[in-house]
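# Fold and contact review
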Amino acid sequence: TGLLVVCLGKATRLAQFLSEAGKTYEAQIMLGATSKTYDRDGDIIPTANAPVPTPAQVEAAVYRYVGDIQQTAPLYSALKHKGKPLYDYARKNIPVELKTREVHIDSIRVTSYSYPILGITVRCSSGTYIRSLAHDIGQDLGCGGYIHSLRRTSIGGLDVASSLLMADLE
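Rules behind the numbers
- Residues numbered from 1 in each chain as written.
- Predicted model: local features only at pLDDT ≥ 70, side-chain atom pairs only at ≥ 80, totals over all residues.
- Heavy atoms only, no water.
- Disulfide = S-S within 2.5 Å.
- Buried < 20%, exposed > 50% of the residue type's maximum accessible area, 1.4 Å probe, protein only.
- Pairing = 2+ DSSP bridges.
- Helix = DSSP H or I, 4+ residues; strand = E, 2+ residues; numbered from the N terminus.
- Contact = heavy atoms within 4.5 Å.
- Axes fitted to C-alpha atoms, helices over the stretch in contact; angles between N-to-C directions.
- 1 Å grid on protein atoms, 1.4 Å probe; cavity = no way out; pocket = protein on both sides within 12 Å on 5 of 7 lines; lining within 4 Å.
- Points joined across faces, edges and corners; volume = space filled by probe spheres on them.
- Nonpolar A, V, L, I, M, F, W, Y, C, P; charged D, E, K, R; others polar.
- Lys, Arg positive; Asp, Glu negative; His and termini not counted.
- Salt bridge = Lys/Arg side-chain N within 4 Å of Asp/Glu carboxyl O.
- Polar contact = N/O pair within 3.5 Å; in protein donor to acceptor, adjacent residues only side chain to side chain.
- Core = buried A, V, L, I, M, F, W, Y, C linked by side-chain atoms within 4.5 Å.
- Arc of directions from axis to C-beta.

Per the counting criterion, the structure on display carries 0 disulfides. In this model Cys124 remains outside any disulfide bridge; the closest cysteine sulfur is found in Cys7, 19 Å from its own. The class for Cys124 is buried, based on a relative accessible area of 0%.

Here the focus is the sheet that holds strand 9 (residues 145–155). Pairing is antiparallel across the open sheet formed by 6 strands, whose spatial order is 4-7-8-1-9-10. Only two strands of the sheet have a single partner each, and these edge strands are strand 4 (67–72) and strand 10 (158–159). In this sheet, strand 8 (residues 117–124) lies alongside strand 1 (residues 23–31) in antiparallel orientation, the contact comprising 8 bridges. The residue bridging Ala27 from the neighbouring strand is Ile120, located in strand 8. Its contacts with the sheet place helix 2 (residues 55–63) against strand 7 (100–114) and strand 8, and it is angled at close to 155 degrees to strand 7.

On to the layout of surface pockets. Taken as a whole, the largest pocket spans an internal volume of roughly 440 Å³. Around the largest pocket, the lining is made up of 16 residues, and of these Leu3, Leu4, Val5, Ser163 and Leu164 lie nearest the centre. Going through the elements one at a time, strand 10 and helix 5 (166–169) are the ones with two or more residues in the lining of the largest pocket. Partitioned by chemical class, the residues of the lining of the largest pocket number 11 nonpolar, 3 polar and 2 charged. By volume, the second largest pocket is sized at about 150 Å³. Considering the residues around the second largest pocket, the lining is formed by Leu4, Val5, Cys7, Ala15, Leu18, Ser19, Lys23, Arg152 and Ile155.

Before going further, it helps to examine the side chain of Lys23. With respect to the element layout, Lys23 can be found in strand 1. Buried and unpaired, Lys23 has no salt bridge, with Glu20 as the nearest side chain of opposite charge at 9.2 Å. There is a polar contact of 2.9 Å between the side chain of Lys23 and the backbone oxygen of Ala21. Apart from residues lying up to four places away in sequence, Lys23 is in contact with Leu18, Val122, Arg123, Cys124, Ser126, Arg152, Ser154 and Ile155.

Core analysis: the biggest nonpolar cluster contains 24 residues, and Leu118, Ile120 and Leu133 have the highest contact counts within it. Of all the secondary structure elements, the ones that give two or more residues to this core are strand 1, helix 2, strand 7, strand 8 and helix 4 (130–141). Looking at this core element by element, the count peaks at 5 residues for helix 4.

Residues spaced three or four apart along an α-helix face the same direction, because each turn holds 3.6 residues. Residues of helix 2 that are buried include every one of Val58, Ala61 and Val62, and no others. Down the axis of helix 2, the buried set is contained in an arc of 95 degrees. They therefore lie on one face.

Buried residues dominate strand 1, accounting for 7 of its 9 residues. Pairing of strand 1 with strand 9, which is carried by 9 bridges, proceeds in the antiparallel orientation. Bridge pairing in strand 9 links Ile29 to Ile147.

As structure tokens, this is what we get:
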């Protein structure tokens, strides 16, 4: 949910710059289970004997991701492989070797933590998959994790607080 920038008329020329701009997200990560899609829409697989991470362990795991990191996109994503989105391969159970790519995380702030829900705010570069970040944090904590909810709050200098609802635009 959250901010979606719609460019109309002559402003469509700006769309390419907005897609490359940094973004901010508010996310809730469900710990203690995994999902093939890295979100709650996939089949949820509880982690057997999952440890309950302490707040200190959570903080340490989260802050490891600040800066330039290598990230693997989720198999269920629109990223292209041989001209087709990865989700096409995933839905047909065709194995694909996923490549890592460098993304940049400007900041991560833990906003809440009450096991199994971890709330974070992430400011990151374009191309960062927050679903992959949630999965990786869960793996680091040894309990698994997936996105329970995700909201984009800014793109570049545009913020959801100053946006219009689609109904108001119409």
